[in-house]
Amino acid sequence: MTTASAGAPAPAASAPATSATSPVLPPSARASADAVRHGAGPRVRRRVGLAWLGLTPFAAYVLLFLAVPAVIAVGSGFFTDDGAFTLANLAAFAEPSVLRAFGGSFGLSAVSAVIGAVIGALVCWALSALRPDGLVRSMIDSAASVLAQFGGVMLAFAFIATIGVQGLVTTWLVSLVDVDRNATGAFLYTVPGLVIPYVYFQVPLMVLTFMPALEGVKTQWGEAAATLGASRATYWRRIALPVLAPAFWGSLLLLFANGFSSFATAAALISQGGIVPLTIRTQLTSETLIGLQNVAGVLAFGMVVVMAVVMGAYSLLQRRAARWQR
């Protein structure tokens, strides 16, 4: 018989047996597992269900007042008055009046978007030097949020009273410097004249969309460039402007889409035609293209195609610009 030597250590107390394959969970994971075992899972699912239920009124509004009317308006261009499907109505895109309307909409939207984007970018650059929580910055941000949505009859009346035929500024220029901008016709009531009121709401929209991108430009980039010997002009040309370019072009496309789809301001200033939304109104009230039916639906389809292309490009640019705003 062998006996343990006096100097040998005593055997350790046996530890609880554990499976070699069972993972060791952190306390937070163990707490989550215990919560699930005690019925937290069904409660989470109920909260998610209630959240989706809360979106039901908004979803119903979008479906009834946006989706269904859009489908009906666009789909009507592919049917005759008797309900038969046809592609013959697409011949309206070859009509001179329709081409002039699309040309007027493209020109008006492009010019107002470029002017609004340039002025709005300069305003954002000036605001970037101010404190984000300062009084001036807060007032301008609030004004931009309001003025970007200010349009329609109220905006048209404001410009009629200001630069219309008998507007305040018009009469003031005639009396002081004998300059009458309306001597050859009422400029405000033409498609080129719409650029002025359109720029009024394009600039604040540019401030709202471009300011977050400008705030994403970090001061450390300029400091690093200066440390490496780059001038201020080199920093803007080689670093800041390439970073801001996707956001700027994306905002420009958004302004173009905003101008292309605007209707109320133009309708209050121009009686008929000139741009696509007003041509659609004319076609709804009186069919003017002989031999074609549901031309308003065809024009709506054309607008949807243009807006889809523009907003698709805007989404791609915003996705690229978002990389520098994180």
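Note that the coordinates shown come from a computational prediction; the quantities given were computed from them, not determined experimentally.

Reading guide: rules and limits
- Along each chain, residues carry numbers from 1 onward, in the same order as the chain's sequence is written.
- Thresholds applied to this predicted model are a pLDDT of at least 70 for local features of residues and 80 or more for the giving and counting of side-chain atom pairs; totals over whole chains, interfaces and linings are not thresholded and use all residues.
- Heavy atoms throughout the structure, all of them, feed into the side-chain values; hydrogens and water do not.
- For helices the rule is a DSSP run of H or I covering at least 4 residues; for strands it is a run of E covering at least 2, with both sets numbered from the N terminus onward.
- The method behind every accessible area is Shrake-Rupley, applied with a 1.4 Å probe, and residues are considered shielded solely by the protein chains displayed.
- In these notes, a set of buried Ala, Val, Leu, Ile, Met, Phe, Trp, Tyr and Cys residues joined through side-chain atoms within 4.5 Å is what counts as a nonpolar core.
- Working definition: with a 1.4 Å probe on protein chains only, accessible area under 20% of the residue-type maximum means buried, over 50% means exposed, and in between means partly exposed.
- Contacts: residue pairs with any heavy atoms within 4.5 Å of one another.
- Axis definition: a line fitted to C-alpha atoms, limited for helices to the stretch in contact. Angles are taken between N-to-C directions and run from 0 to 180 degrees.
- Reported orientations rely on four angle classes, namely roughly parallel under 35 degrees, roughly antiparallel over 145, roughly perpendicular from 65 to 115, and oblique for the rest.
- Two helices cross in a left-handed way if the nearer one is turned anticlockwise from the farther one by less than a right angle. They cross in a right-handed way if the turn is clockwise.
- Throughout, the ten residues Ala, Val, Leu, Ile, Met, Phe, Trp, Tyr, Cys and Pro are labelled nonpolar, Asp, Glu, Lys and Arg are labelled charged, and all others, Gly among them, are labelled polar.
- Here pLDDT means the predictor's own confidence in every residue, given as a number from 0 to 100.

Caption draft 1: Inspection of the overall build of the protein at higher detail. On a plain count of helices and strands, the protein comes out with 13 helices and zero strands. Ordering the α and β elements of the protein from the N terminus gives α-α-α-α-α-α-α-α-α-α-α-α-α. Accessible surface for the protein amounts to roughly 20,200 Å². Of this, 70% is attributable to carbon and sulfur atoms.

Caption draft 2: Local environment of the nonpolar core. Grouped together as the largest cluster of nonpolar side chains are 40 residues, with contacts concentrated most on Phe210, Val276 and Leu299. For this core, the element with the highest residue contribution is helix H10 (residues 232-261), accounting for nine residues. Setting aside residues up to four positions removed in sequence, Phe210 forms contacts with Ala121, Cys124, Leu244, Ala247, Phe248 and Ser251.

Caption draft 3: Representation of the side chain of Asn89 within the structure. Considering the arrangement of structural elements, one finds Asn89 in the loop between helix H3 (56-75) and helix H4 (96-127). Discounting residues that sit within four places of it in the chain, Asn89 has contacts with Gly77, Phe79, Leu292, Gln293, Asn294 and Val298.

Caption draft 4: Structural view of unusual backbone geometry. Look at Asp178: it is not a glycine, yet its phi comes out positive at around 55°. In this fold, Asp178 is placed in the loop between helix H7 (168-177) and helix H8 (195-215). Classification of Asp178 as exposed rests on a relative accessible area of 65%. Its identity as a non-glycine residue notwithstanding, Asn294 has a phi of 55°, on the positive side. Asn294 gets classed as buried once you look at its relative accessible area, which sits at 19%.

Caption draft 5: Region of the structure containing the packing of helix H12 (residues 276-285) against helix H13 (residues 295-321). At a minimum axis distance of 8 Å, the contact between H12 and H13 shows a crossing angle of 160°. Taken together, the axes of H12 and H13 lie roughly antiparallel to each other. The way H12 lies across H13 gives a crossing that is left-handed. Every residue of H13 that contacts H12 at Val276, Pro277, Thr279, Ile280, Gln283 and Leu284 is listed here: Val295, Ala296, Leu299, Ala300 and Met303. Of the residues assigned to the contact of H12 with H13, the class counts are nine nonpolar, two polar and no charged.

Caption draft 6: Summary view of the packing of H10 against H13. Packing of H10 against H13 leaves a shortest axis separation of 8 Å and a crossing angle of 160°. Our classification of the angle between H10 and H13 gives roughly antiparallel. Between H10 and H13 lies a crossing of left-handed hand. Within the contact between the two elements, H10 uses Pro246, Ala247, Trp249, Gly250, Ser251, Leu253, Leu254, Phe256, Ala257, Phe260 and Ser261 and H13 uses Met303, Val306, Met307, Val310, Met311, Ala313, Tyr314, Leu317, Gln318, Arg320 and Ala321. By residue class, the composition of the contact of H10 with H13 is 17 nonpolar, four polar and one charged.

Caption draft 7: Examining the confidence of the model for the protein more closely. Counting all residues, the mean pLDDT for the protein is 82, and 82% of those residues have values of 70 or more. Predicted confidence for residues 1-22 stays below pLDDT 50, and this span has zero contacts to residues more than four positions away or in other chains.

Caption draft 8: Here's a closer look at the environment of Pro242. Along the polypeptide, Pro242 turns up in helix H10. Owing to a relative accessible area of 43%, Pro242 belongs among the partly exposed residues under this scheme.

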